[in-house]
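Letter by letter, the chains look like this.
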Amino acid sequence: MNATPTATPTATPTAMPNALVPTLDPHALAKALSGFHLIDGVLRPAVSGKTFDVVSPATRKVVGQAAYGEKADVDVAVAAAKRAQVEWGKRSARERGKLVAECGRKLADHVEELARLVALETGKALRTESRVEASVVADAFAFYGGLGGELKGETVPFNPKMITMTVREPIGVVGAIIPWNVPMMLMAYKIAPALVAGNAVVVKSAEEAPLAVLRVGQILNQVLPPGVFNLLSGFGPECGGPIVAHKDVGKVSFTGSVDTGKIIAHAAADRLIPVTLELGGKSPMIVMDDADLDKAVDGAVAGMRFTRQGQSCTAASRMFVHRKIHDAFVERLKAKVDKMVMGDPLDERTDIGAIVSPQQFERVQRYIGIGKAETGAKAHECSAMPKDAALKDGLFVRPVIFTGLKNDSRVCREEIFGPVTAVMAFDSYEEAIGLANDSDYGLAASIWTTNLKTALDATQRLQAGFVQVNQNLVVQPGLSYGGVKQSGLGKEASAEAMLDHFTQKKTVIMNLA
Ligand code: NAI
Ligand code: MG
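Residues numbered from 1 in each chain as written. Chains lettered and ligands numbered in written order. Predicted model: local features only at pLDDT ≥ 70, side-chain atom pairs only at ≥ 80, totals over all residues. Heavy atoms only, no water.

Novice: Requested: an account of the overall build of the chain, with residues and values cited.
Specialist: Helix and strand counts for the chain stand at 16 helices and 24 strands. For the chain, the C-alpha atoms occupy an extent of roughly 70 × 65 × 40 Å along the three principal directions. Across the 513 residues of the chain, 57% fall into the buried class. Considering only residue pairs separated by 6 or more positions, the chain has 76% of its internal contacts joining residues 24 or more positions apart. When the 57 positive and 55 negative side-chain charges of the chain are each reduced to one mean point, those points stand 3 Å apart. (Helix = DSSP H or I, 4+ residues; strand = E, 2+ residues; numbered from the N terminus. Buried < 20%, exposed > 50% of the residue type's maximum accessible area, 1.4 Å probe, protein only. Contact = heavy atoms within 4.5 Å. Lys, Arg positive; Asp, Glu negative; His and termini not counted. Charge placed at Lys NZ, Arg CZ, Asp CG, Glu CD.)

Novice: An account of the sheet that holds strand β21 (residues 466–469) is needed here, citing residue identities and associated values.
Specialist: One open sheet holds the seven strands; their spatial order is β16-β17-β18-β15-β14-β20-β21, and the pairing between them is mixed. Strands at the two margins of the open sheet, each flanked by one partner only, are β16 (378–381) and β21. Neighbouring strand axes in the sheet, compared pairwise and without regard to direction, differ in orientation by 20° on average. Each of β14 (284–287), β15 (318–322), β16, β17 (400–403) and β18 (420–426) touches helix α11 (residues 323–338); the most contacted strand, β15, lies at about 135° to it. Of the strands in this sheet, β14, β15, β18 and β20 (444–448) touch helix α14 (residues 429–437), which is tilted by about 150° from β18. (Pairing = 2+ DSSP bridges. Axes fitted to C-alpha atoms, helices over the stretch in contact; angles between N-to-C directions.)

Novice: Please give an account of the sheet that holds strand β8 (residues 162–170) that cites residues and values.
Specialist: With antiparallel pairing, three strands are arranged side by side in an open sheet as β7-β8-β24. Because the sheet does not close on itself, it has two edges, and the strands there are β7 (155–156) and β24 (503–511). Two strands pair when backbone bridges link them, and β7 and β8 are joined in this way by two bridges, in the antiparallel orientation. Looking at β8, one finds that T155 is bridged to M165.

Novice: An account of the side chain of T454 is needed here, citing residue identities and associated values.
Specialist: Its location among the elements puts T454 in helix α15 (residues 452–461). Discounting chain neighbours no more than four positions away, the residues touching T454 are M288, Y429, I447 and T449.

Novice: Kindly report on the domain arrangement of the chain, identifying the contributing residues and their values.
Specialist: When cut into domains, the chain gives domain 1 (28–279 + 491–505) and domain 2 (284–476). The distance between the C-alpha centroids of domain 1 and domain 2 comes to 30 Å. Contact residues are listed per partner, giving 27 residues for domain 1 and 32 residues for domain 2. In total, domain 1 and domain 2 occlude about 2,400 Å² of area from one another, counting both sides; carbon and sulfur atoms represent 57% of this. Applying the counting criterion to the domain 1 and domain 2 interface returns 12 residue pairs in polar contact (both at pLDDT 80 or more). Contributing elements (two or more residues each) for the side of domain 1 that touches domain 2: α4 (111–122), α5 (126–145) and α6 (183–196). Per-element tally for the side of domain 1 that touches domain 2: the top contributor is α5, with five residues. (Domains from an automatic or database assignment. Buried area = accessible area lost by both parts, 1.4 Å probe. Polar contact = N/O pair within 3.5 Å; in protein donor to acceptor, adjacent residues only side chain to side chain.)

Novice: Go over the site of ligand 1, please, and point to the residues and values.
Specialist: Close contacts around ligand 1 come from 29 residues, with W180, K204, E207, S257 and E415 the closest. Backbone polar atom of L279 to a nitrogen atom of ligand 1: 3.1 Å apart, as the coordinates give it. Note that an oxygen atom of ligand 1 is positioned 2.7 Å from one of the side-chain N or O atoms of E415. Burial of ligand 1 by the protein chains amounts to 88% of its free accessible area of 810 Å². At the level of secondary structure, the elements contributing two or more residues to the shell around ligand 1 comprise α8 (236–245), β12 (249–255), α9 (258–271) and α12 (358–372). (Near = heavy atom within 4 Å. Areas by Shrake-Rupley, 256 points an atom, 1.4 Å probe, with all protein chains shown as cover.)

Novice: Help me get a handle on the pattern of salt bridges, residues and values and all.
Specialist: Under the definition given, this model contains 33 salt bridges. Between D40 and R83 there is a salt bridge whose closest N-O contact spans 3.0 Å. Remark: R83 occurs in helix α2 (residues 71–90) and D40 occurs in the loop between β3 (37–39) and β4 (42–44); sequence separation between them is 43 residues. The class for D40 is partly exposed, based on a relative accessible area of 26%. Residue classification places R83 among the exposed residues on the basis of a relative accessible area of 53%. Here E381 makes a salt bridge to K372, at a shortest N to O gap of 3.7 Å. Taking relative accessible area as the criterion, K372 reaches 44% and is therefore assigned partly exposed. Each of E112, R116, R131 and E348 takes part in salt bridges that share partners, so that together they form one network. (Salt bridge = Lys/Arg side-chain N within 4 Å of Asp/Glu carboxyl O.)

Novice: Explain the nonpolar core to me, using residue names and the numbers behind them.
Specialist: Judged by nonpolar contacts, the single largest core of 82 residues is most densely connected at L107, F141, M184, M187, V203, L220 and F229. With 11 residues, α6 is the largest single contributor of residues to this core. Two domains each donate at least three residues to this core, and these are domain 1 (28–279 + 491–505) and domain 2 (284–476). If near-sequence neighbours (up to four positions away) are discounted, L220 is found in contact with C103, L107, F141, I191 and F229. One finds M285, A291, A300 and V301 within the second-largest nonpolar core, a separate group that totals 30 residues. (Core = buried A, V, L, I, M, F, W, Y, C linked by side-chain atoms within 4.5 Å.)

Novice: Tell me about unusual backbone geometry, residues and numbers included.
Specialist: Backbone geometry at F417 places phi at a positive 65°, although glycine is not the residue there. Within the secondary structure, F417 is located in the loop between α13 (410–413) and β18. Residues other than glycine seldom take positive phi values, yet A493 does so here, at roughly 80°. Here A493 is to be found in the loop between β23 (488–489) and α16 (495–501).

Novice: Could you give an account of the packing of helix α3 (residues 93–109) against α5, with specific residues and numbers?
Specialist: One way to put it is that α3 packs onto α5 with a least axis distance of 7 Å and a crossing angle of 160°. Our classification of the angle between α3 and α5 gives roughly antiparallel. Where α3 crosses over α5, the handedness of that crossing is left-handed. For the pair formed by α3 and α5, the contact residues are G97, K98, V100, A101, C103, G104, L107 and A108 on the first element and V137, A138, F141, A142 and G145 on the second. A class-by-class count of the residues in the contact of α3 with α5 yields nine nonpolar, three polar and one charged. (Parallel < 35°, antiparallel > 145°, perpendicular 65-115°, else oblique. Left-handed = near helix turned anticlockwise from the far one by under 90°. Nonpolar A, V, L, I, M, F, W, Y, C, P; charged D, E, K, R; others polar.)

Right, here's the structure in full:
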């Protein structure tokens, strides 16, 4: 990704072929998708003709270009969405659902190519991460496709001579602004429910990961009417800002940093439109001394998303471990992470890929430095740097397990979004709950124990939107996902998310007297 736009005269509007053939060479696919937004069912270059580079973080080589979106592009996309929404919103909810489910089936045929493309542009390992993401995308569409019939209202016993009811209506045009860490999945969890609810959408992809989502869009456009789904690439203030500010956008759904979330919430407040915000986290994991240690260590590796270089909003980046088992836990965790193979994201042997961008790489390094400078802290650096000469300039960071840090240190208070976790010892359950809740964030939390009473108590007292006992799963279709405190507003991934965040309710009274 290169912030300097350049003019490319080559890209011209391109109609979608009738059937897309999966393309397993991600380099060829990246080139074929270069330089386009997807607006009104057509791939088209930016109004200005400008593009920016898409760079593979594992090699630092330019692998493609993305259209440089600005206000003029937003205007075209929102106009297309507004037009298309009129007919889309009139279709029956189940009919829309059937088309969304059909999108899921088409996406399932493209899992491998999508996985390869997202691995190339984000640096996430194919086997451990990118393939999983691509499957979840298809599944999210399958899940929401079945929910058309759930767009129900209520009848109200207001007066026997009147029929009084609430109906759920689409909002109209929904804007979605997505990040780069799981770009296809996070887009799917926004647009599938928005579409089933009868909205048209305008998405802005993250500047670091514009291509795999564009391919998803192409696949969706095999099924959906033109203009119902539109996708722009571009930078935050230049392209995301005009979406939030556009008079015809009736709702914005955002995933990303707290700072950007607040900018978007302010802009939305000026227009009095609703927002959903999925922001960061500093998720605690409590391991009691009666926990199954092997399971807890496996759960720590999974929960910290070391396979995603820790670039996860739910990353278990604060691990509170009972002092009795602290040292054994750290030893086993280190041994496990040491065995993980860091390398080429497209190589099947690779467990851990590269950090997404130079900015993110620098941020992670900076926090590792801050942690090392704390009194009493020890940084255990695990796994080995890749030896492949082709990766010598790649953005690889050895996973770091800190011990001896305090919960009020910067590493434990601020979201790093990298492969850095802190293991801290505690002496009592009460102390652990207090430490876990002593955070500005409240996205996810887990407790590891074989004591049912402790487990139940912790689920009640942990301040987080997503609490798990003896596991650290990622977002699952059907389960509401979203944070409290600085971690955001609203829920995603469930039926509730579709009803609460992508519809508006109308009260209707019919006087039959
Ligand atoms: P960011 O929040 O700046 O970017 C996320 C999305 O928002 C991107 O599409 C970006 O173009 C857009 N954006 C940025 N500024 C905008 C604006 N003024 N108006 C409208 N849209 C705007 O996050 P960034 O810079 O990629 O990463 C910084 C930190 O944010 C990370 O280190 C991490 O801590 C956190 N983050 C959290 C994520 C999560 O899943 N909750 C995902 C990505 C980042
Ligand atoms: Mg940013």
